[in-house]
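# Topology and contacts: notes
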Amino acid sequence: MPPANMQKWFPWTKSPLICNGPMLNVVTPKLASEVSKAGGIGFLASAFDAAPSSAHLRTLTSDLTESQALVGKTTSGLINVGVSFITGHESIAHFRETALPILTRLRPAALWLFAPDDTVRPHGAIIQAVKGLDPAPRIFVQVGNVTAAREAVVDGADVLVCQGIDAGGHQFRRGMGVVSFVPEVRNLLEDEFAERDVAVLGAGGIADERGVAAAMALGADGVVMGTRFTVASESCYPEFRKQLVLSTVDGGSSTLKSPFNDQVNKSSLWGPLYDGRAIMSTIHEQFLKGATVQELQRSLKEDYSADEAAKLVSTWAGTGVGLVKSVKPAGEIVTEVREGAKERIRKLAGKL
């Protein structure tokens, strides 16, 4: 699908399209709004608890209300930001009765879905319900392999976020690199869904204009960046985590993609299909040397203060972390990376 169609769906955007990932404990309404105001698509931090009276839903309501004040609405009445749900939590069964009314009233331009439980697959029903709105948000589904991409298209996705294994944070355990992933998904869409209008975004390890130019060459309609936005001026990532991102190099050896990152925290949100990539510490090194998860959980509790323990785990970052060198406003990041990618593409074309 040509990029112009994405701009038809999201008329405020510019190509190459750049989105921020909907990162928990990172994204603020100000960050998402500044991404959109700069010509990208800003996504608010993900919610996962859709139970009645959920604090997540109260936050979603307040974040959307704040975003509306910051960026306004499109001519069709949609707020120029997106929202996101992690769909593996058992409360997702309440989506139609609890979350849908919020989307009906406040009207974000996009809805991002990720990480359904392996045995409960709610996306088809969620997408059907949301597409009944008028106007309806475009549906982004984050996927990590071609099988998941096919399922997302069948469910009704408008946009496939093809997240490669270089990504920071949570992702498919059985994933693939974005260099092979995006082209194979393009083949899938051409061969099996030629009648459908489905966009493709590349994600995972993309942190500067070179990654954006490469993703466009692979056939992506735009990109999602996560790690780069963790240190945006508007990010609420704790300062010690921002400093760790800024000082870390060689993401291949300094980060670890493993279920361990959730197991050591006793996190039950992420099912067996998913793991996460985070910056390594001495705790990770001990794990790789053979220490058990239980031993390291005990060590974090007994050998460190609460503040010290927090600094040793859960600094989510991708392998592109070594390319992230400075704190900048989110809008400036979008503009700088977009314009830099255009210049890269022009220079490459000039060599042919």
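Residues numbered from 1 in each chain as written. Predicted model: local features only at pLDDT ≥ 70, side-chain atom pairs only at ≥ 80, totals over all residues. Heavy atoms only, no water.

## Notes on the overall build of the protein
Here is the rule we go by: Going along the chain from the N terminus, every DSSP run of H or I of four or more residues is numbered as a helix, and every run of E of two or more is numbered as a strand. For this measure, only C-alpha atoms enter the radius of gyration; the expected value for a globule follows 2.2 Å times N^0.38, where N is the number of residues. Residue exposure (1.4 Å probe, protein chains only): buried if accessible area is under 20% of the type maximum, exposed if over 50%, otherwise partly exposed. Two residues form a contact once any of their heavy atoms are found within 4.5 Å. A positive count includes Lys and Arg, and a negative count includes Asp and Glu. His and the chain ends are not counted in either. Each charge is placed at NZ for Lys, CZ for Arg, CG for Asp and CD for Glu.
When you go through the protein residue by residue, the secondary structure sums to 16 helices and 11 strands. Here the C-alpha radius of gyration of the protein, 19 Å, is about what a compact globule of 352 residues would show, namely 20 Å. A principal-axis box enclosing the C-alpha atoms of the protein has dimensions of 55 × 55 × 40 Å. The proportion of buried residues among the 352 residues of the protein is 56%. Of all intrachain contacts in the protein linking residues separated by at least 6 positions in sequence, the fraction that spans at least 24 positions is 70%. Side-chain charges of the protein comprise 36 positive and 37 negative groups, with the mean position of each set lying 4 Å from the other.

## A few points about unusual backbone geometry
Of note, the bond from serine 15 into proline 16 is cis; its omega dihedral lies within 30 degrees of zero at -5 degrees. By secondary structure assignment, the location of proline 16 is in the loop between helix H1 (3–9) and strand S1 (17–20). Along the chain, aspartate 134 connects to proline 135 via a cis peptide bond; the corresponding omega equals 0 degrees. Turning to its location among the elements, proline 135 is positioned in the loop between helix H5 (123–130) and strand S5 (138–143). Residues other than glycine seldom take positive phi values, yet serine 53 does so here, at roughly 65 degrees. Within the element layout of this structure, serine 53 appears in the loop between strand S2 (42–43) and helix H3 (55–71). A relative accessible area of 68% means that serine 53 is categorised as exposed.

## With respect to the sheet that holds S5
Our working rule: Strands qualify as paired when DSSP identifies two bridges or more between them.
The strand order across the open sheet formed by eight strands is S1-S9-S8-S6-S5-S4-S3-S2, and the pairing between neighbours is parallel. The sheet terminates laterally at S1 and S2, the two strands that pair on one side only. Across four bridges, S1 lies against strand S9 (residues 222–225) in parallel orientation. Note that in S9 the partner of asparagine 20 across the bridge is methionine 225.

## Observations concerning the pairing of strand S6 (residues 159–163)
Quick reminder of the rule: With strands facing away from the observer, any crossover in which the path from the first strand over the helix to the second runs clockwise is taken as right-handed.
The buried count for S6 comes to five of five residues, which makes it a mostly enclosed element. The side-chain alternation of S6 yields two buried faces, one formed by Val159, Val161 and Gln163 and the other by Leu160 and Cys162. Of the pairings in the sheet, the one linking S5 to S6 comprises four bridges and is parallel in character. Looking across to S6, one finds that phenylalanine 140 is bridged to valine 159. The parallel pair S5 and S6, bridged by helix H6 (residues 146–155), forms a crossover whose chirality is right-handed. Where S6 meets strand S8 (residues 199–203), five bridges bridge the pair, whose relative direction is parallel.

## Quick notes on helix H10 (residues 239–247)
Just so we agree on the cut-off: In this description, the arc belongs to the directions extending from the helix axis to the C-beta atoms.
Residues of H10 that are buried include every one of Arg241, Lys242, Val245 and Leu246, and no others. Buried residues of H10, seen end-on, are gathered within an arc of 140 degrees and therefore sit on one face of the element. At its buried positions, H10 is contacted by helix H9 (227–230), strand S11 (274–279) and helix H15 (306–310).

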